[in-house]
Structure formats: C-alpha cells, structure tokens
Amino acid sequence: MPVASQAPHVDLPRIAKCPTGVRGLDEITEGGLPRGRPTLICGAAGCGKTLLAMEFIVRGAREFDEPGVFMAFEETEGELIENVGSLGFALDALVDQGRVALDYVYLERSEIEETGDYGLDGLFVRLGSMIEETGARRVALDGIEALFAALPSEGILRAELRRLFRWFKEQGVTAVITGEQGEKTLTRHGLEEYVSDCVLFLDHRVHGQVATRRLRVVKYRGSRHGTNEYPALIDEHGLSVLPISSVTLEHRVSRERISTGVPTLDAMLGGRGYFKGSSILISGTAGAGKSSLAVAFADSLCRRGERCLYWASEESSDQILRNMGSIGFDLEPHFAGGRLHCHAVRPTLHGLESHLMSLHKLVETWRPQALILDPITNFTTIGDPSEVKLMLTRMIDFLKKSEITAIFTSLSSGTDLERTDEGIGTLIDTWLSVRQVEVAGRRRRLLSVLKSRGMAHSTEVRILQLSEAGIELTDPPTDGDREPGPA
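What you are looking at is a predicted structure, and each value in this text was computed from that prediction instead of being measured.

J.: So what about the nonpolar core? Which residues, and what values?
T.: Most often, soluble globular proteins keep nonpolar side chains buried together rather than apart. One finds Leu265, Tyr274 and Leu293 to be the most contacted residues of the largest nonpolar core, which totals 40 residues. Ranked by the residues each element gives to this core, the list is headed by helix H10 (residues 290-303), at eight residues. Excluding anything up to four places from it in sequence, tyrosine 274 contacts Glu256, Arg257, Ile258, Thr260, Leu265, Leu269, Ile280, Phe297, Ile407, Thr430, Leu432 and Met455. Counting 38 residues, the second-largest nonpolar core is a separate cluster that includes Leu25, Leu102, Leu200 and Leu215.

J.: Can you tell me about the packing of aromatic side chains, naming the residues and giving the values?
T.: The relation between two aromatic rings is expressed through the spacing of the ring centres and the mutual angle of the planes. Under the definition given, this model contains three aromatic pairs. Here the aromatic rings of phenylalanine 124 and tryptophan 167 are separated by 4.9 Å at their centres, their planes lie at 10°, and the arrangement is stacked. Separated by 43 residues along the polypeptide, phenylalanine 124 in helix H5 (residues 121-134) and tryptophan 167 in helix H7 (residues 154-171) bring together distant segments of the chain. Here tryptophan 167 falls in the buried class, since its relative accessible area comes to 11%. Judged by centre distance (5.6 Å) and plane angle (65°), the rings of tryptophan 167 and phenylalanine 168 are edge-to-face. Put simply, the rings of Phe124, Trp167 and Phe168 touch in pairs and so form one group of aromatic residues. Across from the ring centre of phenylalanine 56, 4.4 Å away, lies the NZ or CZ of arginine 138, which sits over that ring. Arginine 257 extends its terminal NZ or CZ atom over the ring of phenylalanine 275, reaching a point 4.9 Å from the ring centre.

J.: Tell me about the pattern of salt bridges, and please be specific about residues and values.
T.: Taken as a whole and judged by the stated rule, the model has 18 salt bridges. One salt bridge connects aspartate 197 with lysine 169, and the closest N-O pair in it is separated by 3.1 Å. With aspartate 197 in the loop between helix H8 (192-195) and strand E8 (198-207) and lysine 169 in helix H7, the pair connects residues that are 28 residues apart, well separated along the chain. By relative accessible area, aspartate 197 is classed as buried at 3%. Its salt-bridge partner being arginine 303, residue aspartate 299 comes within 2.8 Å of it at the nearest N-O pair. Here aspartate 299 and its partner arginine 303 are both found in helix H10, four residues apart, which amounts to about one turn of the helix. Overall, arginine 303 belongs to the exposed group, its relative accessible area being 59%. Overlapping salt bridges, with partners in common, bring together Arg37, Lys169, Asp197 and Arg221 in one network.

J.: Hey, could you go over H5 for me, with residue numbers and the actual values?
T.: Between its terminal C-alpha atoms H5 stretches 20 Å, which fits the 20 Å expected from 14 residues at 1.5 Å a residue. Where H5 ends, the next residue or the one after it, glycine 135, has phi of about 70°, a positive value.

J.: Pulling in residues and values, what's your account of the pairing of strand E17 (residues 370-374)?
T.: Here E17 lies mainly inside the structure; five of its five residues are buried. Where burial is concerned, the two faces of E17 agree: the one with Ala370, Ile372 and Asp374 and the one with Leu371 and Leu373 are both buried. Where strand E15 (residues 308-312) meets E17, five bridges bridge the pair, whose relative direction is parallel. Among the inter-strand pairings, tryptophan 311 is bridged to a residue of E17, identified as leucine 373. The sheet contact formed by E17 and strand E18 (residues 405-411) spans four bridges and is parallel.

J.: Residues and numbers for the environment of glutamate 75, please.
T.: In this fold, glutamate 75 is placed in the loop between strand E4 (68-72) and helix H3 (77-85). A polar atom in the side chain of glutamate 75 sits 2.5 Å from the side chain of asparagine 83.

J.: Before we move on, can you summarise the side chain of lysine 49 with the specific residues and values?
T.: Looking at where lysine 49 falls in the secondary structure, it is placed in helix H2 (residues 49-63). Apart from residues no more than four positions distant in its own chain, lysine 49 is found in contact with Ile41, Cys42, Gly43, Ala44, Thr178, Gly179, Glu180 and Leu202.

J.: Describe the sheet that holds strand E21 (residues 462-467), listing the residues and the values that go with them.
T.: Read from one edge to the other, the open sheet built from nine strands follows the order E16-E15-E17-E18-E14-E19-E20-E21-E22, with strand pairing classed as mixed. The sheet terminates laterally at strand E16 (340-344) and strand E22 (470-474), the two strands that pair on one side only. Here the average twist between neighbouring strands, direction ignored, is 20°. Lying on the sheet, H10 is in contact with strand E14 (279-284), E15, E16, E17, E18, strand E19 (430-439), strand E20 (442-452), E21 and E22; it crosses E18 at an angle near 165°. Each of E15, E16 and E17 touches helix H13 (residues 352-366); the most contacted strand, E15, lies at about 155° to it.

The rules we used
- Residues numbered from 1 in each chain as written.
- Predicted model: local features only at pLDDT ≥ 70, side-chain atom pairs only at ≥ 80, totals over all residues.
- Heavy atoms only, no water.
- Core = buried A, V, L, I, M, F, W, Y, C linked by side-chain atoms within 4.5 Å.
- Buried < 20%, exposed > 50% of the residue type's maximum accessible area, 1.4 Å probe, protein only.
- Helix = DSSP H or I, 4+ residues; strand = E, 2+ residues; numbered from the N terminus.
- Contact = heavy atoms within 4.5 Å.
- Phe/Tyr/Trp six-rings, centres within 6.5 Å; stacked < 30°, edge-to-face > 60°.
- Lys NZ or Arg CZ within 6 Å of the ring centre and 35° of its normal.
- Salt bridge = Lys/Arg side-chain N within 4 Å of Asp/Glu carboxyl O.
- Expected span 1.5 Å × (residues − 1).
- Pairing = 2+ DSSP bridges.
- Polar contact = N/O pair within 3.5 Å; in protein donor to acceptor, adjacent residues only side chain to side chain.
- Axes fitted to C-alpha atoms, helices over the stretch in contact; angles between N-to-C directions.

See below:
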C-alpha cells in the first residue's frame, strides 16, 4: 500500500525575542517579548503590572547583560527601590553600577495646558538621554494613562500613542508599557492595545474569599503563544507564571516497579507493586487506613535511600510522626536524614493556583522521587469540583512528566465508594479502595484494587489489619473460620 508523501519541513522565519527572565512567561511566549518592539501590560490595580515591568528591567540587567531604563509616573525612585527590596532585586546596586536608570516624572493634569501642537518631545529628550547614558536595551514606562490624561481628543491621543510606540521602535529598544484596565476595555483609553505589538493582561480576582492572579497573552504579532489563562504568583522571588496548560500527553513512562511497602499488597499488584512514575489513588471512608498505606510506601521508599515529599493538609509533621509510630513506622530518621520532607498547610491559606505553583517550587527544590498528597479532598473547600479537577489534572500531568510516583488520598462520601468528589478516577493508574464495615458488632477494614493499568492485579477483597507490627492484608474468613483478632 503506497505511503502518502509528506511535505518537507520548512523552518519559518521567527521574530527576534527578548527573554524576560520571569519564570514561566518565556515558555508561554515561546522565548520572551518581541525584541525592539513595544509590549503593553494592562490590568486593574494590584494585579502586578509594575512588578512585571520592573522584573523585566532588573532581570535584563542581571541575567542578560542588557541595561534598562524605568520611568514611573506614580512612584518616586526611592519608593520603587524600597518596594522591590523585599524581593531581593537589589535595585539600588544596579542603579549605582549604571546598569539601570530610574526616573520619576511628576505630571499634574491641572497644570497641563492642551495646545494644538501638544507633543511628547520633552519625554523623548529625557528618555533618549537616559538610554544613551546607560546604553539601555530595555525601557519600561509605568502608568501610561497619566501621560495622556490631559488629552480629551481621541484623534490627538491616537496620534501621540502611535508616535510614542514608533519612537521606541526607532530607538531599537524593547519597551514595556503598563496601563490601567478600563471599564469595558483592556486599557483606560481603549486604544493602547491596538497599537501595541504584544499585549499581556493581568487579572486579580477573588472567589470564595480566596484571591488569585492570572496572566493571559491577548495578542502577539508575528509569533505563536499560549492563549489560555495562566496562574500567576507573587512571592519572595518576584512574579512567577505557571504554563500548566501547555502540558501535552507526551511524557515517558517507566516499566520499573516499586514496592508499596506492604508485601501482601505487592502480591495483589502482580507481586511487584506500583509502576514507578505512576499516579495512585487511595480512596475510602474515614479511619479506613488511607494515610497508613501512603506512609507505608513513603517508609519503604526512604529505606531505599530515595526522597519523598509528603504534602499534608490535615496533620502537622509531628502529629504524623506520633500517629504512624503507633503502627510500626518510625519516620524520624527519614526526616532527620532529609529523605522525607513534610509540607503541612491548610488548603484555605491559598487559592488552587498558588498551591499548584507551590508544588512546582517544592519539586524543583527537593527533587523527590515520590509525592504523597494527603488528602486531596480538602481542596474542594476552596474551589468548585470542576476547578479542583482541572488543578489536579494539571498536577498529575506535571508529576508524570517529572517521572515522580504520586499517591493521592481521598475521603469517600455517600454510598458510592467507586467515585471521588474530585472526579479524577479516570486519570489514575492504580486505584485502591478501603472501607470499614461492621460485622458481628465489630468494625473491619477492607481493601480492594479497583483498577491498576498495565499490570495483572487481584480482584479479591482483603482484610486490612493495622497493628504495632505494621500493615497486613489477609483473606476474609470463610464460614467455618474464626474471626481475626482486633485490628
């Protein structure tokens, strides 16, 4: 059968890019902002516009040897230096070294008289002098609406905007301009976005008393770019953007198997345990042993000298140490040896996107071979089911791409124990179900494997016993057998 010929691959010309150095943003924009062209950063107050513009200038000077000029219309030089000092930018040192120039321009609308030949010549002279003095390759103009506040004529405004943006191109500098969001437009005047080559929109919203920031690339002339909304986080290192929606189903998978930490559970999973780098869900009723099974895996992993990150949203690390010690797991040496790290935080402390960003940072810092998230159920307190599922989907994709074995625990509610409130059952590779049932006046824990992709696994229900000796799975008694001892 003839094979259809394929057109030869042609490398299409690409516009030059100027890397921002802002984590995640360069990935979304496929290399950075358009070099030698103006980019508009717009959004409401408090969304992070000034910080993004400042970070573009600072990282350009520090990481890419590109001096910069930052001109502000609302904050003085001293205020700018003080405001970003907590982020470790050391802006004052860059100014002293001549790698960054700051300028504050005071504009009072009542003092400006509009004339027929109103222009920006004074601004061009001032900016041009600073660019020449520092050899600047980057320029930031913070608060463009203040510059044109005195212009009632849309015609003059549009002409001056075009003139300003054309001037930046003639200087050969990469410029970022910040603008306040309008009532029904991206910017106050509604014109800036049309003359910009690239437009970034920052949003700061509050849902369920939890605030989140998001970034979107509205347009980018001459370049492909991510088109979704991306979580943005401001922390001690500046602004970070998480390009989570760019993850594709192209991750590699391992054929290697790792023990569950419970030999009898290994036997139920083909005798060899979980696939390395897979996602495991342990769901069930309260007190059924979900966390115990997760810790058994962590203990086994750490005993082999590997690292595990334990994300706890209900218990502190000390409480986990005490509780798991009662069933034979001594986790103290793992904590002390740096093989086990506990990140204990209430979900209500941050929004879903911030938690996802925190996970990325923890993985980058600790480089674990495995992650335990106990439980995922609490995320439903800060987002509706669709938002939680989206966040967990992105989390699972990220962990798979990083080849990290992940165990999630989930509290089952209602009578249907073969579903989760988070709706991620279809994304999971191995799903264990645990529950408690009452038999002859006693509670008994039961475990079954609902599914385990890519391996032979038991379809039987086993008794799950927790004791000082650890975890054991046994066959249910037959009619003539004696009930097992307390578990």
